[in-house]
There are 2 protein chains.
Amino acid sequence: MKVAYYKGDKKFEIGEGAEKAPEAGEVKVKIAYCGICGTDQHIFHGKMDQRVSIPQSIGHECSGTVVEIGEGVDNVSIGDNVVVRPLDWCGECPTCKAGHTHICTKLKFMGIDTEGALQETWTVKARTLHKCPADMPLKLGALIEPLAVACHDVRRGRLQAGESAVVLGGGPIGLLVAMVAKAAGAKVLISEINEFRLSLAKEMGFEAFNPLEGDLVEYVNSQTEGTGADIVFEVTASTPGAKVMTELVRPRGRIVLVGIYTEPQQIALFKFFWRELEMIGARVYEKEDFDKAVELAAGGTMPLESIISGVYDLDDIQAGFESFEGNAAAMKVLIKCD
Amino acid sequence: MKVAYYKGDKKFEIGEGAEKAPEAGEVKVKIAYCGICGTDQHIFHGKMDQRVSIPQSIGHECSGTVVEIGEGVDNVSIGDNVVVRPLDWCGECPTCKAGHTHICTKLKFMGIDTEGALQETWTVKARTLHKCPADMPLKLGALIEPLAVACHDVRRGRLQAGESAVVLGGGPIGLLVAMVAKAAGAKVLISEINEFRLSLAKEMGFEAFNPLEGDLVEYVNSQTEGTGADIVFEVTASTPGAKVMTELVRPRGRIVLVGIYTEPQQIALFKFFWRELEMIGARVYEKEDFDKAVELAAGGTMPLESIISGVYDLDDIQAGFESFEGNAAAMKVLIKCD
């Protein structure tokens with residue numbers, strides 16, 4: 001079968017690979033679509049070469065169809081459409097034992113630490129699979145993984161219907177968080193500085209604000225009786241985001257930290273004391289977040305497809321990755337693997 | 001009656017003041033003891049002259065006895081021993097309406113923004129009073145306010161019996177947090193650099209660690225299967241405290257921010273993402289925290305009196321405040337007002 005191998009230094013190469021027969025507890029999935037994530041772009045740029053084993057297949061935002069099942073598998077059947085929750089946890093560490101397998105201290109992220117979905121078939125543990133309704137397009141299935149991230153973020157923030165939410169950052173994850181928050185009944189404002197993303201957010205029916213062109217804190221206060229938003233989702237991982245997040249929330253408000261900050265940031269701790277704020281870290285997803293994401297996508301009421309900015313065949317994966325370079329309009333690019 | 005007036009520039013002066021007859025909903029309390037808080041020391045040093053109205057009586061950690069009640073007061077009777085929850089909230093702002101009157105956006109802190117307890121009688125709103133058992137010493141009553149801070153901190157942190165807690169800072173509030181956490185069933189470690197406070201913590205039965213003499217993170221990991229503490233109370237308001245707090249907690253652990261940081265601090269936001277940490281701001285107390293503090297103090301099982309390092313008569317208030325200057329062994333100083 002065809003496999004897209006990451007070769008290092010911004011290069012993919014299509015090569016041959018052996019299909020892997022599923023062992024006990026495993027399932028072979030024929031991959032339909034696989035989305036390109038920000039992490040995949042980091043890999044492409046050589047920033048994670050210490051974690052991947054070059055040459056390696058990557059990719060973890062996939063949909064597909066079950067083509068073969070190993071012994072003892074009873075959660076899926078041949079022919080089922082599925083998505084993969086790409087986490088491989090140890091089950092033995094104190095964090096796993098406490099039930100937080102998604103942040104297992106020895107977690108292997110499939111498609112980074114082990115081979116990924118950018119190949120014609122992918123053999124994975126059955127416990128990673130979630131069934132999708134047969135009538136849900138497989139293209140949407142490739143958005144379930146990032147949508148599950150958004151479901152996790154909203155759940156971690158304990159968002160209630162009727163609350164006001166500010167989403168800092170209108171990239172793919174920011175827009176998905178906004179969609180999930182809106183579906184949960186929140187009044188959502190998206191803050192973004194990229195004009196394409198601002199327009200897209202507005203087209204999708206969101207209120208969007210450019211903090212370079214106006215005072216975001218003043219605006220949010222004007223919309224909330226001078227009190228601040230109930231919840232802020234920080235999805236920019238930027239220094240201005242870290243600064244403004246503490247200024248936007250009401251007393252007892254919550255900040256959900258979604259962006260991956262590689263450097264420490266100056267944080268106004270006084271605000272946490274004075275307003276009794278909470279800051280809640282959120283990483284990947286749990287089983288129930290995938291279930292919720294499948295339910296929301298299958299419901300068909302969210303403008304999910306709006307964030308797909310391109311679809312490339314597996315043979316053209318190099319062009320798919322290069323389509324992000326210097327392109328402010330690139331959002332979610334899918335690779336068609338079948 | 002005698003009133004201790006703060007005159008600015010590290011000076012108190014004992015003067016005459018008129019006793020105030022209680023209006024409807026008010027109560028006149030004969031003050032027994034009033035503790036000196038860190039905030040009072042800031043006032044003494046002139047750092048809060050923009051908030052106090054010189055000359056002004058200050059002080060907010062008091063106990064006393066009801067001597068006169070105004071119309072409509074039904075929560076206390078003449079002769080009751082009481083403590084004052086020194087918060088005057090507006091009741092009208094969105095934060096009050098949401099039930100968080102203790103962090104009212106227009107909160108007046110009694111004894112700072114308005115007159116205080118360092119006088120022979122103090123006339124206050126009945127809603128600020130909590131009754132104490134007649135057999136609880138009034139000296140202990142003066143510790144109820146800081147003890148309620150500790151009860152609030154522990155409650156905000158959702159501490160569960162059996163959890164491991166690290167308290168950063170072994171001053172009066174740190175020791176009270178440690179006592180309340182221990183009473184709630186936690187295994188407590190106190191981190192402190194002042195040798196007197198370290199000894200006192202040990203005398204009180206706590207495990208105490210000097211982070212200048214060993215690696216605190218390594219030590220906590222060695223005690224927690226390499227995972228980290230369940231909860232950290234940051235009570236130092238120091239830069240080293242802000243740095244180490246994120247390194248001490250387990251995945252999904254909580255940091256309760258008690259210390260009042262006047263400057264933004266470099267915070268390792270990556271840790272919040274990676275370990276799904278939570279940081280929870282905690283300020284003053286709510287009604288139930290005072291109830292809990294009275295219950296704990298009345299129970300008589302806590303070594304509360306150990307933190308009292310001196311008692312001065314109201315006439316000697318200047319000496320009481322000066323007793324903190326350059327004195328590493330000063331903990332909680334009480335002023336006897338009757």
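Just above, that's the structure.
These numbers were taken from a predicted model, which means no experiment stands behind them. (Residues numbered from 1 in each chain as written. Chains lettered and ligands numbered in written order. Predicted model: local features only at pLDDT ≥ 70, side-chain atom pairs only at ≥ 80, totals over all residues. Heavy atoms only, no water.)

Engineer: Please explain the overall build of chain A as it appears in this structure.
Structural biologist: The secondary structure content of chain A amounts to 11 helices and 18 strands. For chain A, the C-alpha radius of gyration of 20 Å lies close to 20 Å, the compact-globule estimate for 338 residues. For the C-alpha atoms alone, the extent of chain A along its principal axes is close to 60 × 45 × 40 Å. Split into buried and exposed, the 338 residues of chain A put 59% on the buried side. In chain A, the proportion of contacts linking residues at least 24 apart, taken out of those at least 6 apart, comes to 68%. Carbon together with sulfur atoms contributes 50% to the accessible area of chain A, which is approximately 13100 Å² in total. Computed over 35 positive and 48 negative side-chain charges, the separation of the two mean positions in chain A equals 4 Å. (Helix = DSSP H or I, 4+ residues; strand = E, 2+ residues; numbered from the N terminus. Rg over C-alpha atoms; globule rule 2.2 N^0.38 Å. Buried < 20%, exposed > 50% of the residue type's maximum accessible area, 1.4 Å probe, protein only. Contact = heavy atoms within 4.5 Å. Areas by Shrake-Rupley, 256 points an atom, 1.4 Å probe, with all protein chains shown as cover. Lys, Arg positive; Asp, Glu negative; His and termini not counted. Charge placed at Lys NZ, Arg CZ, Asp CG, Glu CD.)

Engineer: Explain the interface of chain A and chain B here, please?
Structural biologist: Accessible area lost when the parts come together is the quantity often used to give the size of an interface. Taken together, the 39 residues of chain A in the interface contact 40 residues of chain B. Summing the contributions of chain A and of chain B, the shared interface buries around 3700 Å²; its carbon and sulfur component is 60%. Counting across the chain A and chain B interface gives 4 salt bridges. With a closest N to O distance of 4.0 Å, A:Glu276 and B:Arg156 form a salt bridge. At the junction of chain A with chain B, the criterion picks out 19 residue pairs in polar contact (both at pLDDT 80 or more). Residue assignment for the side of chain A that touches chain B shows that the elements contributing at least two residues are α2 (94-97), α4 (144-156), α8 (239-248), β14 (249-257), β15 (265-267), α9 (269-275) and β16 (278-281) of chain A. (Buried area = accessible area lost by both parts, 1.4 Å probe. Salt bridge = Lys/Arg side-chain N within 4 Å of Asp/Glu carboxyl O. Polar contact = N/O pair within 3.5 Å; in protein donor to acceptor, adjacent residues only side chain to side chain.)

Engineer: Please clarify how the packing of aromatic side chains should be interpreted in this entry.
Structural biologist: What characterises a pair of aromatic rings is the spacing of the ring centres plus the angle enclosed by the ring planes. Under the defined criterion, the tally for this structure stands at 18 aromatic pairs over all chains. Note on B:Phe273 and B:Trp274: the rings are 6.3 Å apart at their centroids and 50° apart in plane angle, and the pair reads as tilted. Owing to a relative accessible area of 9%, B:Phe273 belongs among the buried residues under this scheme. A connected cluster of aromatic rings, assembled from ring pairs, spans A:Tyr6, A:Phe12, A:Phe44 and A:Phe321. If you follow A:Arg127 out to its NZ or CZ, it ends over the ring of A:Trp89, 3.7 Å from the centre. (Phe/Tyr/Trp six-rings, centres within 6.5 Å; stacked < 30°, edge-to-face > 60°. Lys NZ or Arg CZ within 6 Å of the ring centre and 35° of its normal.)

Engineer: I would appreciate a short explanation of the sheet that holds strand β14 (residues 249-257) of chain B in the present structure.
Structural biologist: Backbone hydrogen bonds hold the strands of a sheet together, and the pairing may be parallel or antiparallel. One open sheet holds the 12 strands; their spatial order is β12(A)-β11(A)-β10(A)-β13(A)-β14(A)-β16(A)-β16(B)-β14(B)-β13(B)-β10(B)-β11(B)-β12(B), and the pairing between them is mixed. Because the sheet does not close on itself, it has two edges, and the strands there are β12 (207-209) of chain A together with β12 (207-209) of chain B. Between one strand axis and the next, the sheet turns by 20° as a mean value, whatever way the strands run. The sheet contact formed by strand β10 (residues 164-168) of chain B and strand β13 (residues 229-234) of chain B spans 4 bridges and is parallel. Paired with B:Val167 across the two strands is B:Phe233, which belongs to β13(B). Contacting β10 (164-168), β11 (187-191), β12 and β13 (229-234) of chain A, helix α7 (residues 216-223) of chain A crosses the sheet at an angle of about 170° to β11(A). (Pairing = 2+ DSSP bridges. Axes fitted to C-alpha atoms, helices over the stretch in contact; angles between N-to-C directions.)

Engineer: Looking at this model, I keep getting lost on helix α6 (residues 195-203) of chain A. Mind explaining?
Structural biologist: Because each turn of an α-helix spans 3.6 residues, side chains separated by three or four positions in sequence point in the same direction. All names here are of chain A. By the burial criterion, the buried members of α6 are Leu198, Leu200 and Ala201. Buried residues in α6, looked at end-on, bunch into an arc of 165°, giving them a common side. The elements touched by buried residues of α6 are α5 (172-183), β11 and β12. Between the side-chain oxygen of the N-cap and the backbone nitrogen of phenylalanine 196 there are 2.8 Å, and the N-cap of α6 in question is asparagine 194. A positive phi of about 95° marks glycine 205, the residue just after α6. (Arc of directions from axis to C-beta.)

Engineer: Which parts of the structure should I look at to understand the pairing of strand β3 (residues 26-35) of chain B?
Structural biologist: Remark: a regular strand shows side chains that alternate across the two faces of the sheet. Residues and elements named next belong to chain B. Across the 10 residues of β3, 9 count as buried, placing the element largely inside the fold. Where β3 lies against strand β8 (residues 121-125), 5 bridges are found, and the strand directions are antiparallel. Directly across from lysine 28, in β8, lies its bridge partner threonine 123. The sheet contact formed by β3 and strand β4 (residues 61-69) spans 8 bridges and is antiparallel. Bridging across to β4, isoleucine 31 finds its partner in glycine 64. Where β3 lies against strand β18 (residues 332-336), 3 bridges are found, and the strand directions are antiparallel. Within β18, the residue paired with glycine 35 across the bridge is leucine 334.

Engineer: Is there a simple way to think about the relation of the copies chain A and chain B in this case?
Structural biologist: Here two copies of a chain appear, and what relates them is a rotation about an axis with a shift along it. When chain A is brought onto chain B, the operation consists of a screw motion whose angular component is 180° and whose axial shift is 0.0 Å, with 0.0 Å RMSD remaining. Within this description, the copies of the chain are treated as partners about a two-fold rotation axis. Residue A:Gln266 of chain A places its C-alpha closer to the rotation axis than any other residue of that unit, at 2.2 Å. Mapped onto chain B, 100% of the interface residues of chain A are again interface residues, and the two copies thus contact each other with one and the same surface. (Least-squares fit on C-alpha atoms with pLDDT ≥ 70 in both.)

Engineer: What's the story with the side chain of B:Thr95 in this structure? I'm lost.
Structural biologist: Looking at the secondary structure, you find B:Thr95 in helix α2 (residues 94-97). We classify B:Thr95 as buried; its relative accessible area is 4%. When sequence neighbours within four positions are dropped, the list of residues in contact with B:Thr95 reads A:Pro251, B:His100, B:Thr101, B:Ile103, B:Cys104 and B:Thr105.

Engineer: Whenever I open this one, the pattern of salt bridges confuses me. Can you help?
Structural biologist: Residue and element names in this part refer to chain A. On inspection of all chains with the given rule, the structure shows 51 salt bridges over all chains. One salt bridge in this structure joins lysine 131 and aspartate 80, with 3.9 Å as the shortest N-O distance. One end of the pair, lysine 131, is in strand β9 (residues 129-132); the other, aspartate 80, is in the loop between β4 (61-69) and β5 (81-84), and 51 residues separate them in sequence. Owing to a relative accessible area of 17%, aspartate 80 belongs among the buried residues under this scheme.

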